[in-house]
Protein chains: 2
Amino acid sequence: MKLLEDRIKQDGVVREGNILKVDSFINHQIDVGFIGELAKEIKRLYADEQITKILTIEASGIGIACIVAQEFGVPVVFAKKTKTVNIANDVYTTKVESFTHKNVYDIIVAKDFLHPQDRVLIIDDFLAKGSALHGLIELIRAAGATIVGAGIIIEKAYQEGGELIRSMGVRVESLARVASMDDGGITFIS
Amino acid sequence: MKLLEDRIKQDGVVREGNILKVDSFINHQIDVGFIGELAKEIKRLYADEQITKILTIEASGIGIACIVAQEFGVPVVFAKKTKTVNIANDVYTTKVESFTHKNVYDIIVAKDFLHPQDRVLIIDDFLAKGSALHGLIELIRAAGATIVGAGIIIEKAYQEGGELIRSMGVRVESLARVASMDDGGITFIS
């Protein structure tokens, strides 16, 4: 999506260790008008899919997911990160590995909010190694709901997450796919 | 706000220890259409205040803040919780006490996203003891920006946070003010 690629080139900051900071408009400050344009594109891509629920994970996915959910007219559910899961009967849970923070954490969703008849679209800001996305897929499967696909703002296409999730047969639509980042700038797969 | 009070009575669940769970429409599953109605009310209350920025705190405030920000046509900034603050020069930071989780954590906002000329509206889902709200006020003060006020979805008016913050001269508008909760139900201060 050219609008997004242009904005990343303009406002994204590349830091050591292949870190792309988009703090000024996506995940610390949020340009809600701009996210609204991205949400319209995700709606266009999944318009015919009878989505009933948007699933994301706290924290930075929540704002984007809410704006996407407005387009579809459905609720958002956000998976919660927790270090202390009481193996309760009322939640679905799985483990997610964070490569940024070098730890493993549990994510949970209350069973009340994911049902077998749900057709779920996953929304997240980044896709890199795919661990969070894989965890969300597992929660949907545990609920017996249908995984319609994922809508990702920025995919680091040089990492394995996108291929991993697509090879599972899950549709992944990324609005910007970063091919490489270096001193010379950011290049995209169009 | 009657719409919200009715929804809390209908879908809120009172748990032991004065816990009001509104997981089904505010802070686990988010009814974005409903939050849109609350956002319109917050816009009405602060319409003349030339708001330039919405400030909230991760995680459950983010979705609400984004929908409110759409009404005002301004960006959201969300303060991040962290246990390991590198005392960096590029962030404002303060401490917040969590009574739910019985710990103290640091919150940070990048200096890039709060400026002296900003007129900031704080948005959060709950106000109880006021620790998070107090922390956000301190971040705004550190930036030299103007605190226009706070828009809170649910205030537990039997706890001291609302009085504490109002006594600091900060305008606090809470869409629902819970007077008491017990087996007999929830009562509101109108």
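Here, every reference points to the structure presented above.
I will try to describe carefully the structure that is included in this document.

Parameters at a glance
- Residues numbered from 1 in each chain as written.
- Chains lettered and ligands numbered in written order.
- Predicted model: local features only at pLDDT ≥ 70, side-chain atom pairs only at ≥ 80, totals over all residues.
- Heavy atoms only, no water.
- Phe/Tyr/Trp six-rings, centres within 6.5 Å; stacked < 30°, edge-to-face > 60°.
- Buried < 20%, exposed > 50% of the residue type's maximum accessible area, 1.4 Å probe, protein only.
- Lys NZ or Arg CZ within 6 Å of the ring centre and 35° of its normal.
- Helix = DSSP H or I, 4+ residues; strand = E, 2+ residues; numbered from the N terminus.
- Pairing = 2+ DSSP bridges.
- Right-handed = clockwise from strand over helix to strand, strands pointing away.
- Axes fitted to C-alpha atoms, helices over the stretch in contact; angles between N-to-C directions.
- Contact = heavy atoms within 4.5 Å.
- Nonpolar A, V, L, I, M, F, W, Y, C, P; charged D, E, K, R; others polar.
- Buried area = accessible area lost by both parts, 1.4 Å probe.
- Salt bridge = Lys/Arg side-chain N within 4 Å of Asp/Glu carboxyl O.
- Polar contact = N/O pair within 3.5 Å; in protein donor to acceptor, adjacent residues only side chain to side chain.

Quick look at the packing of aromatic side chains
And step 1. Applying the stated rule across the entire model yields two aromatic pairs over all chains.
And step 2. Consider the rings of Phe25 of chain A and Phe34 of chain A, whose centres lie 5.7 Å apart with planes at 80 degrees: the pair is edge-to-face.
And step 3. Judged by relative accessible area, Phe34 of chain A falls into the buried class, the value being 9%.
And step 4. Between Arg7 of chain B and the ring centre of Phe34 of chain B, over which it is positioned, the NZ or CZ distance is 4.9 Å.

Thoughts on the pairing of strand β4 (residues 53-57) of chain A
Residue and element names in this part refer to chain A.
And step 1. Counting buried residues along β4, five of its five residues qualify, which places the element largely inside the surrounding structure.
And step 2. Residues Lys53, Leu55 and Ile57 point to one face of β4 and Ile54 and Thr56 to the other, with burial holding for every one of them.
And step 3. Where β4 meets strand β5 (residues 76-82), four bridges bridge the pair, whose relative direction is parallel. Each bridged residue has a counterpart across the sheet, and for Ile57 the counterpart in β5 is Ala79.
And step 4. In the classification by handedness, the crossover that spans β4, the intervening helix α3 (residues 61-72) and the parallel β5 is right-handed.

As for the pairing of strand β6 (residues 91-98) of chain B
And step 1. The pairing of β6 of chain B with strand β7 (residues 103-110) of chain B spans eight bridges and is classified as antiparallel. Its bridge partner lying in β7 of chain B, Val96 of chain B is registered against Tyr105 of chain B.

Observations regarding the packing of helix α1 (residues 2-11) of chain A against helix α2 (residues 32-45) of chain A
Residues and elements named next belong to chain A.
And step 1. Contact geometry of α1 with α2 gives a least axis separation of 10 Å together with a crossing angle of 145 degrees. Here Leu3, Leu4 and Arg7 of α1 come into contact with α2, specifically with Phe34, Glu37 and Leu38.
And step 2. Looking at side-chain class alone, the contact of α1 with α2 contains four nonpolar, no polar and two charged residues.

Structural notes on the interface of chain B and chain A
And step 1. Each partner contributes to the interface: chain B provides 28 residues, whereas chain A provides 28 residues.
And step 2. Note on chain B versus chain A: buried area summed over both sides is about 2400 Å², and carbon and sulfur give 64% of it.
And step 3. Contact with chain A buries surface across chain B, with His28, Gln29 and Phe113 of chain B losing the most and accounting together for 28% of the total.
And step 4. Inspection of the chain B/chain A interface yields zero salt bridges.
And step 5. Counting the contacts that link chain B with chain A gives 11 residue pairs in polar contact (both at pLDDT 80 or more).
And step 6. Counting only elements with at least two residues in the side of chain B that touches chain A, the list comes to α2 (23-27), β3 (29-30), α4 (61-72), β5 (76-82) and β7 of chain B.
And step 7. The greatest single-element share of the side of chain B that touches chain A, amounting to six residues, is contributed by α4 of chain B.
And step 8. Split into classes, the residues belonging to the side of chain B that touches chain A amount to 16 nonpolar, seven polar and five charged.

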